[in-house]
Structures are given as C-alpha cells and as structure tokens.
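Below are the chains, spelled out letter by letter.
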Amino acid sequence: MGKNYTAAVVPNALAGLRIDVALAKMFSQYSRNRLQVWLKAGLVLVDGAQADRSTTTMGGEKVELSPPPEADASSPPAQRMALAIVFEDRHLMVINKPAGLIVHPGAGNPDGTLMNALLAHAPALRQVPRAGIVHRLDKDTSGLMVVGKNLTAQANLAAQLADRSVKRTYLALVHGAPPGRGTIDEPVGRDARLRTRMAVTHGGKEARTNYRVLERFAYGPIVAALVECRLETGRTHQIRVHLQHLGHPVIGDPVYRRGARAGLAFARQALHAAELELIHPRSGKTKAWSAPLPADMKKLLAMLRREKRNDPA
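Anyway, here's the lowdown on the structure attached to this text. (Residues numbered from 1 in each chain as written. Predicted model: local features only at pLDDT ≥ 70, side-chain atom pairs only at ≥ 80, totals over all residues. Heavy atoms only, no water.)

### Things to note about unusual backbone geometry
Of note in this structure, R164 is not a glycine but carries a positive phi near 65°. Along the chain, the position of R164 falls in the loop between helix 4 (151-162) and strand 8 (167-175). For R164, a relative accessible area of 39% puts it in the partly exposed group. Even without being a glycine, H237 presents a positive backbone phi close to 60°. By the element assignment, H237 lies in the loop between strand 13 (222-231) and helix 5 (238-246). (Helix = DSSP H or I, 4+ residues; strand = E, 2+ residues; numbered from the N terminus. Buried < 20%, exposed > 50% of the residue type's maximum accessible area, 1.4 Å probe, protein only.)

See below:
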C-alpha cells in the first residue's frame with residue numbers, strides 16, 4: 001500500500017448512490033473528476049473488489065482508495081502564523097478560526113490562509129489533501145473547524161460530515177424578531193443573477209437549518225435577536241442564506257442583507273461557530289468542543305443588552 005492509501009465505510013445515508021457520487025461525498029478533498037479517473041484506473045476497491053462507475057452503494061461497504069503519489073504533490077507554502085488550537089492529537093486538530101482569516105488559498109489570496117499556517121504547524125500535513133481541511137468557514141465567520149491530520153482521519157471525518165453525524169452549532173446576531181424556533185428547509189444553490197452568491201433556489205441542493213432564539217433586543221427602531229443555529233447540512237453560506245430567506249439576515253452581512261434594518265452596523269457578519277461534536281476517528285468516542293464568542297461579537301451583544309435596559313419603553 002502506498003502512503004496515500006486510505007479506507008472508509010460508506011455511510012448509510014449514501015446508500016443507493018452511484019459509487020462516483022458517493023466517493024465525491026466521502027472524499028470531498030478530491031474532485032469528482034479525479035475520483036472517476038481513479039475508478040477507471042482500478043485504484044478504488046469496494047469490499048475488496050475493483051469498482052467501476054456503474055457500481056451502486058448499499059451502505060456499510062468498505063471503500064479502499066489508493067491515489068497515485070502525484071495526486072498530492074502541489075500545496076501552498078508553509079507560513080508561520082498564530083493558531084488558536086482548541087484540541088490536537090496525532091489524528092485531528094480543532095481550530096478556533098478568527099474572523100478575517102481565509103481558509104484556503106484562491107484567486108487573489110495565494111497565501112496568508114489557514115492552510116498555509118497548518119502546513120507550518122504540522123509539516124506532515126503536506127501529505128494530506130488540503131492540509132487535512134474537511135470543511136470551511138467563510139472568511140468573516142469565526143469559530144471551530146476540524147482538521148484531519150492523516151488520510152484515514154480526514155476520510156473518516158469527511159464521511160461523518162456526509163452522514164450528517166457531525167453536530168455543528170452556530171451563534172448569530174440577526175435583524176428583527178424571528179419566530180422563537182423553527183427549521184428552515186429550503187434548497188440552496190448558486191444565485192442565477194449573480195453567480196458569486198448563493199440563494200434559496202428550486203435547483204439547489206437540500207439544505208436544513210434548525211434554529212431557536214436565545215435572546216431578544218428591542219429599543220426604539222432597533223429590533224434584533226441572538227439566535228442559535230444547528231446545521232443538518234453544510235451548503236456554502238447556508239446559515240446566511242437561510243436567515244435572509246427567513247427575513248432576518250445576520251447583522252453586518254455585506255452580501256445577504258435583504259431585510260436588514262437601519263441603525264445596526266457591524267464590521268462583519270455576526271456569525272460564530274460555537275460548538276462542534278463528532279466521533280473521534282481513532283478512538284470511536286464522542287468528542288465535543290466549544291468556543292466563546294469573539295471580542296467583537298461580545299461587544300455588540302453587550303451594546304444590545306445595555307441599550308435594551310436603557311430603553312424608556
């Protein structure tokens with residue numbers, strides 16, 4: 001077996017899918033096109049047998065993937081940066097990402113990202129696709145992210161995300177007075193009018209966000225709420241899009257602001273990934289972490305509470 005060999009069990013949630021579709025969900029660090037090439041090359045085994053594109057998953061199969069060494073040859077430079085590490089062992093890291101830090105290099109942002117910092121902190125991550133990153137946070141969203149430190153751990157974490165067994169809880173300060181609790185079950189996809197944005201659209205992918213109001217604020221024309229959001233799916237910009245669709249966009253969101261009210265300004269979207277719970281890929285035990293609100297959101301929350309108390313009404 002090569003050093004890039006990894007194995008994972010097909011989550012039951014992916015039963016009935018064509019194998020290349022299931023692989024793209026289980027091994028999201030690779031493109032579907034690349035996985036299809038490896039299928040044709042005989043580099044994917046399902047329960048010990050060579051798979052092809054017509055194979056249909058049943059759930060519970062063992063998938064073995066042996067990417068060629070050159071698949072992970074290119075990666076960005078390592079750059080020393082401070083990392084707020086909440087937890088780390090030989091298999092995974094949990095990072096409390098600050099607002100303003102981009103997760104992955106891209107057009108216009110070739111370095112200075114979380115990936116660059118991870119490669120400096122743990123050089124062995126150069127052998128893992130995307131330096132172990134299995135999910136992302138928007139640049140201006142703060143909070144918890146998990147990183148797989150080897151191929152097996154990364155594949156296991158990606159499978160948990162696909163199986164929807166990872167529990168992710170966010171805190172958001174929003175405009176207006178949303179209903180006390182509910183589930184936003186609306187598909188999310190590319191906005192047909194502006195492809196750099198996402199939107200609730202009939203052609204989008206299934207997306208579900210459960211939310212509940214933790215605290216309300218009202219003084220004069222200002223109405224706002226502190227909302228807890230729990231993700232069932234993980235679509236791009238899902239919480240921001242869903243809360244805008246509900247009519248209560250995140251305070252400070254520069255993109256998804258339809259329904260925003262005057263009088264409340266914030267330098268970024270007031271959104272924080274506060275809690276993360278998953279199964280440790282090695283021990284099999286449930287692990288959970290939390291991260292307090294960052295200073296800027298604490299300041300905004302304190303201002304809302306103070307003004308609420310001072311409201312003569």
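### What to know about the sheet that holds strand 4 (residues 62-65)
Ordered in space as 1-4-2-3, the four strands form an open sheet in which the pairing is antiparallel. Each having just a single partner strand, strand 1 (6-9) and strand 3 (49-50) make up the two edges of the open sheet. The pairing of strand 2 (residues 44-46) with strand 4 spans three bridges and is classified as antiparallel. Pairing of V46 across the sheet is with V63, part of strand 4. (Pairing = 2+ DSSP bridges.)

### Quick notes on the packing of aromatic side chains
Using the criterion set out here, one finds two aromatic pairs in the structure. Both rings, one in Y30 and one in W38, keep their centres 4.8 Å apart while their planes meet at 80°; by these two values the pair is edge-to-face. Note on accessibility: Y30 and W38 belong to one class, buried. (Phe/Tyr/Trp six-rings, centres within 6.5 Å; stacked < 30°, edge-to-face > 60°.)

### Looking at the packing of helix 1 (residues 19-26) against helix 2 (residues 32-40)
In contact at an axis separation of 9 Å, helix 1 and helix 2 are set at 125° when each is read in the N-to-C sense. The angle between helix 1 and helix 2 places the two elements in the oblique class. When the axes of helix 1 and helix 2 are compared, the crossing they make is right-handed. The segment helix 1 lies against helix 2, with I19, D20, V21, L23 and A24 engaging R32, L35, Q36 and L39. Partitioning the contact of helix 1 with helix 2 into residue classes produces six nonpolar, one polar and two charged. (Axes fitted to C-alpha atoms, helices over the stretch in contact; angles between N-to-C directions. Parallel < 35°, antiparallel > 145°, perpendicular 65-115°, else oblique. Left-handed = near helix turned anticlockwise from the far one by under 90°. Contact = heavy atoms within 4.5 Å. Nonpolar A, V, L, I, M, F, W, Y, C, P; charged D, E, K, R; others polar.)

### Let's talk about the pattern of salt bridges
Between side chains of opposite charge, a pair can form as their charged atoms come close. As enumerated under the stated definition, the model contains 15 salt bridges in all. Linking E277 and K167 is a salt bridge whose minimum nitrogen-to-oxygen distance equals 3.6 Å. Residue E277 is located in strand 14 (residues 271-279), and its partner K167 is located in strand 8; the two are separated by 110 residues in the primary sequence. By relative accessible area, K167 is classed as partly exposed at 46%. Two residues, R208 and D185, come together in a salt bridge whose shortest N-O distance is 2.8 Å. Placement of R208 in strand 12 (residues 208-219) and of D185 in strand 9 (residues 181-185) is noted, with a sequence separation of 23 residues between them. Judged by its relative accessible area of 22%, R208 is partly exposed. Exposure remark for D185: the relative accessible area of 42% places this residue in the partly exposed category. (Salt bridge = Lys/Arg side-chain N within 4 Å of Asp/Glu carboxyl O.)

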